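# A look at the structure
Residue strings, one per chain:
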Amino acid sequence: MKLQHRHGPPRDFVGYGRRPPQIIWPDGRLVAVSLVVCYEEGSEYSLFEGDSHSDGWGEYPLSAPDGIRDLGTETHFEYGSRVGIWRIARLLERHGVHATISSCAEALRRNPEATAWLRQSGHDLLGHGLRWTEQWTLSRDEERDHLQRAVALFIELLGERPIGWNSRSFPSVNTRDLLIEEGGFLYDSDPCNDDLPYFVPAQNRRLLIVPYSKTLNDSRYLVSPGYVTPKDFVDNVKAYLDFLIREAREDGGRMMTIAVHARWTGQPNRAAALEGIIETVLSRPEAAFMRRNDIARYWLSLFPAEGEAP
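My aim in this report is to walk through the structure given alongside it, one point at a time. (Residues numbered from 1 in each chain as written. Predicted model: local features only at pLDDT ≥ 70, side-chain atom pairs only at ≥ 80, totals over all residues. Heavy atoms only, no water.)

## Observations regarding the overall build of the chain
Regarding its fold elements, the chain presents nine helices and nine strands. The C-alpha radius of gyration computed for the chain amounts to 19 Å, which stays within 12% of the reference 19 Å derived for 310 residues, consistent with globular compactness. Counting only C-alpha atoms and orienting by the principal axes, one finds that the chain spans roughly 55 × 45 × 40 Å. Classification of the 310 residues of the chain by burial places 51% in the buried group. Taking contacts inside the chain between residues at least 6 apart in sequence as the whole, the part at least 24 apart equals 71%. Accessible surface for the chain amounts to roughly 14900 Å². Of this, 50% is attributable to carbon and sulfur atoms. (Helix = DSSP H or I, 4+ residues; strand = E, 2+ residues; numbered from the N terminus. Rg over C-alpha atoms; globule rule 2.2 N^0.38 Å. Buried < 20%, exposed > 50% of the residue type's maximum accessible area, 1.4 Å probe, protein only. Contact = heavy atoms within 4.5 Å. Areas by Shrake-Rupley, 256 points an atom, 1.4 Å probe, with all protein chains shown as cover.)

Given below as structure tokens:
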């Protein structure tokens, strides 16, 4: 394990520095807002599925003692797939918003109706694993196997593969190398270190990073300090977006990520928060929702490299 300390991507404390590229998003927008809906239900750790333990990220960050099925958490995950995802789907449709669905392949396999909806919805896919498991617990070969099986299952279910990837919580030291090795990924969304996409070296080419963020994330309903009420989430998004718009007027476009989960934001009170967030973004002419695939392709069009096509 000591060797892992120096494996993986190098650290970069500089980035764009004082003067990020002054870009404008399509239609003259200053802020591209990526709304990510995480769909993990049915792919989490569960004794019923043969795992050694149950997942603890249900409604409370707790789990049952070893060897005992946690029916409370299991059924909370089921709420996300039975009810929550449909409440979020209706909200997005009502407001004409296209989001990015960050899904585990196994979660879609377990819910054919959700899979059919995703195929027809106009939302795009962000690969989120074969199952909702921690990649850093796997060997390099195991992680490669999971990645390949996930891509194959996405293609089987949706007729297309993901071109972006986001791990549970954080990647392993091998994840980026495996994404490059697999060859079909346009971008990596694991890093949380910028407000704009950027490129990193990738063997004989480059890999685009479309940064993620855990700042505007509904998991903060469960952690401290976090959101006490849904209004806290809406107010946080408003403050974040207002500041970015002011900054972008002077220094060029910015990007922000808002992430919600079917089992959490699919609850009625928190769905009201999502509606408030959507209405906030739609009320700002300087901002627009953009799918992550579209953000990636637009960035590649702004900064093309010889031999690469967006």
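What follows continues from the structure just given.
## Describing the packing of helix H6 (residues 230–251) against helix H8 (residues 268–282)
Where H6 meets H8, the closest approach of the two axes is 8 Å, and the angle between their N-to-C directions is 20°. One finds that H6 runs roughly parallel with respect to H8. For the crossing formed where H6 meets H8, the hand is right-handed. Across the interface between the two elements, Pro-230, Phe-233, Val-234, Val-237, Lys-238 and Leu-241 from H6 touch Asn-269, Arg-270, Ala-273, Gly-276, Ile-277, Thr-280 and Val-281 from H8. Along the lines of polarity and charge, the residues of the contact of H6 with H8 split into eight nonpolar, three polar and two charged. (Axes fitted to C-alpha atoms, helices over the stretch in contact; angles between N-to-C directions. Parallel < 35°, antiparallel > 145°, perpendicular 65-115°, else oblique. Left-handed = near helix turned anticlockwise from the far one by under 90°. Nonpolar A, V, L, I, M, F, W, Y, C, P; charged D, E, K, R; others polar.)

## Side note on the side chain of Ser-219
Within the fold, Ser-219 resides in the loop between strand S7 (205–209) and H6. If we ignore the near neighbours within four places in the chain, the residues touching Ser-219 are Trp-57 and Trp-264.

## Here's the deal with helix H1 (residues 71–95)
Compared with an ideal rise of 1.5 Å per residue, which puts 25 residues at 36 Å, H1 spans 35 Å between its outermost C-alpha atoms and is within 8% of the ideal. Bending of H1 peaks at approximately 45° at the position of Val-83. Looking at the residues trailing H1, positive phi occurs at Gly-96, about 65°. (Expected span 1.5 Å × (residues − 1). Bend = angle between axes of the 7 residues up to and from the residue.)

## Quick look at the environment of Val-37
Along the polypeptide, Val-37 turns up in strand S1 (residues 31–39). For the pair formed by Val-37 and Ala-262, sequence separation is 225 residues and the distance between their alpha carbons is 7.0 Å. Beyond its immediate stretch of four places on either side in the chain, Val-37 contacts Ile-85, Ile-88, Leu-92, Ala-99, Thr-100, Ile-101, Ser-102 and Val-260.

## Considerations on the layout of surface pockets
Empty space within the largest pocket amounts to approximately 1000 Å³. Along its surface, the largest pocket is lined by 34 residues, and Pro-9, Pro-10, Arg-11, Arg-176 and Asn-193 are the ones closest to its centre. By residue class, the composition of the lining of the largest pocket is 17 nonpolar, eight polar and nine charged. (1 Å grid on protein atoms, 1.4 Å probe; cavity = no way out; pocket = protein on both sides within 12 Å on 5 of 7 lines; lining within 4 Å. Points joined across faces, edges and corners; volume = space filled by probe spheres on them.)

## Examining the packing of H1 against helix H3 (residues 112–121)
Viewed as axis vectors pointing N to C, H1 and H3 meet at an angle of 20°, and their least axial separation amounts to 11 Å. The pairing of H1 with H3 is recorded here as roughly parallel in orientation. The two elements H1 and H3 meet at a crossing, and its hand is left-handed. For the pair formed by H1 and H3, the contact residues are Ile-85, Trp-86 and Ala-89 on the first element and Glu-113, Ala-114 and Trp-117 on the second. Split into classes, the residues belonging to the contact of H1 with H3 amount to five nonpolar, no polar and one charged.

## Concerning the pattern of salt bridges
One pass over the full model with this rule turns up 18 salt bridges. The closest approach of N and O atoms between Arg-161 and Glu-182, which form a salt bridge, is 2.8 Å. Residue Arg-161 is found in the loop between helix H4 (140–158) and strand S4 (164–165), and its partner Glu-182 is found in helix H5 (residues 175–182); the two are separated by 21 residues along the sequence. On the basis of relative accessibility, which here comes to 27%, the residue Glu-182 falls in the partly exposed class. (Salt bridge = Lys/Arg side-chain N within 4 Å of Asp/Glu carboxyl O.)

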